[in-house]
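# Tertiary structure, described
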Amino acid sequence: MISMLDLLWEKKFEKISIIEIIEHAGVSRNSFYRNSKDKEDILVRYIESITQEFIKSAAILVFKVPWRKYIETILNHMYENRDLVLILLKNNKIHLIRNIFDKAIYDRLAGIIDNHHIWFLSGGLFNLHQHWAENGYKESSKDIAETFDKIILGIWLSLWNSKSKILVLLEK
């Protein structure tokens, strides 16, 4: 895996050949295909392993810690892996992280809140993270968690106010 990341710093994903990967990694073609379907699969398996390691090591249980702390911990993890995030952004492969991120969030929240809310929260948090990364991680993870919290609260208040206005109109 490290070989693939090294190569990604040197050249674009689509320009890297399987032969370059196996030569750089010092493995045989058979070994490569025994462990991976293609170049993208190498990245997916690496991202999955980082994600699983994070979930186990963080030992965070949803709703057992304050919401903002939960979000901040996720953002800290993303920041700690910023080199991977940035190289995938550069190569238009950020969707690989997004797919695994969405699944991890879904797996943690399924059965606790409804699916639409899970996808909304996951998408919003990932997009906020991506914007943070694209702008060079200038703010702290705590600042971004606070921003996310304010956005979610703002949406809730907006919906509440809209609902209240509708109820007032219906009562007339």
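Predicted model, so just to flag it, every value in this text is computed and none were measured.

Turning next to the packing of helix α4 (residues 39-58) against helix α7 (residues 94-109). Contact geometry for α4 and α7: axes closest at 10 Å, N-to-C directions at 35°. Note that α4 runs across α7; the crossing there is right-handed. Of the residues in α7, those in contact with Glu 40, Leu 43, Val 44, Ile 47, Glu 48, Thr 51 and Ile 55 of α4 are His 95, Leu 96, Ile 97, Ile 100, Ala 104 and Arg 108. Partitioning the contact of α4 with α7 into residue classes produces eight nonpolar, two polar and three charged.

Before going further, it helps to spend a moment on empty space enclosed by the protein. Tallying each qualifying case throughout the model produces two cavities of 30 Å³ or more. Estimated volume of the largest cavity: approximately 290 Å³. Surrounding the largest cavity, 21 residues form its lining, Thr 51, Phe 54, His 77, Met 78 and Phe 101 being those nearest its centre. Elements supplying a minimum of two residues to the lining of the largest cavity: α4, α5 (67-80), α6 (82-90) and α7. Among the residues making up the lining of the largest cavity, the classes are represented as 17 nonpolar, three polar and one charged. When its volume is computed, the second largest cavity comes out at roughly 60 Å³. Looking at the second largest cavity, the residues that line it are Trp 67, Tyr 70, Ile 71, Ile 74, Ile 105, Leu 109, Leu 121, Ser 122 and Leu 125.

Let us now look at the pattern of salt bridges. Between side chains of opposite charge, a pair can form when the charged atoms approach closely. Counted under the stated rule, the structure contains eight salt bridges. The residue Arg 68 makes a salt bridge to Glu 146 at a minimum N-O spacing of 4.0 Å. Taken together, the residues span a long stretch of sequence, with Arg 68 in helix α5 and Glu 146 in helix α9 (residues 141-171) at a distance of 78 residues. Residue class for Arg 68 comes out partly exposed when judged on its relative accessible area of 33%. Accessibility expressed as a relative area gives 28% for Glu 146, which makes it partly exposed. We note a salt bridge from Lys 103 to Asp 107, for which the minimum N-O separation is 2.7 Å. Placement of both Lys 103 and Asp 107 in helix α7 is noted, with a separation of four residues, approximately one turn of the helix.

Analysis parameters
- Residues numbered from 1 in each chain as written.
- Predicted model: local features only at pLDDT ≥ 70, side-chain atom pairs only at ≥ 80, totals over all residues.
- Heavy atoms only, no water.
- Axes fitted to C-alpha atoms, helices over the stretch in contact; angles between N-to-C directions.
- Helix = DSSP H or I, 4+ residues; strand = E, 2+ residues; numbered from the N terminus.
- Left-handed = near helix turned anticlockwise from the far one by under 90°.
- Contact = heavy atoms within 4.5 Å.
- Nonpolar A, V, L, I, M, F, W, Y, C, P; charged D, E, K, R; others polar.
- 1 Å grid on protein atoms, 1.4 Å probe; cavity = no way out; pocket = protein on both sides within 12 Å on 5 of 7 lines; lining within 4 Å.
- Points joined across faces, edges and corners; volume = space filled by probe spheres on them.
- Salt bridge = Lys/Arg side-chain N within 4 Å of Asp/Glu carboxyl O.
- Buried < 20%, exposed > 50% of the residue type's maximum accessible area, 1.4 Å probe, protein only.

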